[in-house]
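# Residue-level structural notes
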Amino acid sequence: GENVGLHLPTLSVQEGDNSIINCAYSNSASDYFIWYKQESGKGPQFIIDIRSNMDKRQGQRVTVLLNKTVKHLSLQIAATQPGDSAVYFCAETQSNDYKLSFGAGTTVTVRA
Amino acid sequence: SQTIHQWPATLVQPVGSPLSLECTVEGTSNPNLYWYRQAAGRGLQLLFYSVGIGQISSEVPQNLSASRPQDRQFILSSKKLLLSDSGFYLCAWSRGAVDEQFFGPGTRLTVL
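Okay, so let's go over this structure. All figures in this text were calculated on a predicted structure; none of them were measured in a lab.

In terms of helices and strands, chain B carries zero helices and eleven strands. Each helix and strand of chain B, ordered N terminal to C terminal, gives the series β-β-β-β-β-β-β-β-β-β-β. Relative to a compact globule of 112 residues, whose C-alpha radius of gyration would be 13 Å, chain B shows 13 Å and is just as compact. Along the first, second and third principal axes, the C-alpha atoms of chain B reach 35 × 25 × 20 Å. Out of the 112 residues in chain B, the part that is buried amounts to 51%. A sequence separation of at least 24 residues applies to 55% of the contacts in chain B between residues at least 6 apart. If you sum the accessible surface of chain B, you get close to 5100 Å²; carbon and sulfur atoms cover 53% of it. Of note, chain B has its 8 positive side-chain charges centred 8 Å away from the centre of its 7 negative side-chain charges.

Here it is, written out as structure tokens:
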């Protein structure tokens, strides 16, 4: 079974706009979260991660927010580009657990 | 740098035939290794993981098996394929337990 789910299966974004992808998780013991990007026919690629002792982490054009109170995770992509079109997965795990639990994914389509 | 290889990239097999998918990792030692399956339009389902040579943990009871004959080699096998075994098989590695996982390019398996 999956401990992590996503609010929306698809997201259409205008090029240049910011994207927000949401994820809800059910395991309150989870303390490590990752966002992956998967392009068609390829394996998932790591985007950014966050541990439970943080509530925000920034990368290049991406920001991950973690709200442990409501068990919610989000990925923000700034100035969305056509190359950002992909399926985005959130994943979670807990200390000393080798297993990542993945959500179903959100398909992001960038409109030119 | 570390790289992960999977082969074959695509495979079409008849029902009842055997299966052997191979995954190798370069540039690291004693990685944790994982096999996932991804059905079309779905998230990733963990099948097996290994923390060392000869150590295999199974997550989903099924007609698949895994082996780790060498430190950086992970093999997924089946004696008799079922139609339901069709999917996208992904191998991944990580340095530790609570750590990001790096995915290979995947094998697209179609069972007819």
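Resuming the write-up.
Another point: the state of the cysteines. Defined simply, a disulfide is a covalent bond joining two cysteines at their sulfur atoms. Residue and element names in this part refer to chain A. Taken as a whole and assessed by the stated rule, the structure comprises two disulfides over all chains. The disulfide bridge from Cys-23 ends at Cys-90, spanning 1.8 Å between sulfur atoms. The sign of the 60° torsion about the S-S bond sets the Cys-23-Cys-90 disulfide as right-handed. With a gap of 67 residues between them, Cys-23 in strand S3 (residues 19–25) and Cys-90 in strand S9 (residues 86–93) connect regions that are remote in the sequence.

Next up on the list: the side chain of Gln-6 of chain B. Residue and element names in this part refer to chain B. Along the chain, Gln-6 turns up in strand S1 (residues 3–7). Here Gln-6 falls in the buried class, since its relative accessible area comes to 8%. A distance of 3.0 Å separates a polar atom in the side chain of Gln-6 from the backbone nitrogen of Gly-106. Residues contacting Gln-6, with those up to four places away along its chain left out, are Glu-22, Cys-23, Trp-35, Tyr-89, Leu-90, Cys-91, Gly-104, Pro-105, Gly-106 and Thr-107.

Here the structure, examined in full by the defined rule, presents seven salt bridges over all chains. We note a salt bridge from Glu-59 of chain B to Lys-99 of chain A, for which the minimum N-O separation is 3.6 Å. With Glu-59 of chain B in the loop between strand S6 (55–58) and strand S7 (64–70) and Lys-99 of chain A in the loop between S9 and strand S10 (101–102), this pair bridges two chains. Here Glu-59 of chain B falls in the partly exposed class, since its relative accessible area comes to 31%. In this structure, Arg-68 of chain B and Asp-71 of chain B form a salt bridge, with 3.3 Å as the shortest nitrogen-oxygen distance. Of the residues examined, Arg-68 of chain B reaches a relative accessible area of 3% and is grouped as buried. Salt bridges sharing common partners tie together Lys-37, Glu-39 and Lys-42 of chain A.

The rules behind these values
- Residues numbered from 1 in each chain as written.
- Chains lettered and ligands numbered in written order.
- Predicted model: local features only at pLDDT ≥ 70, side-chain atom pairs only at ≥ 80, totals over all residues.
- Heavy atoms only, no water.
- Helix = DSSP H or I, 4+ residues; strand = E, 2+ residues; numbered from the N terminus.
- Rg over C-alpha atoms; globule rule 2.2 N^0.38 Å.
- Buried < 20%, exposed > 50% of the residue type's maximum accessible area, 1.4 Å probe, protein only.
- Contact = heavy atoms within 4.5 Å.
- Areas by Shrake-Rupley, 256 points an atom, 1.4 Å probe, with all protein chains shown as cover.
- Lys, Arg positive; Asp, Glu negative; His and termini not counted.
- Charge placed at Lys NZ, Arg CZ, Asp CG, Glu CD.
- Disulfide = S-S within 2.5 Å.
- Polar contact = N/O pair within 3.5 Å; in protein donor to acceptor, adjacent residues only side chain to side chain.
- Salt bridge = Lys/Arg side-chain N within 4 Å of Asp/Glu carboxyl O.

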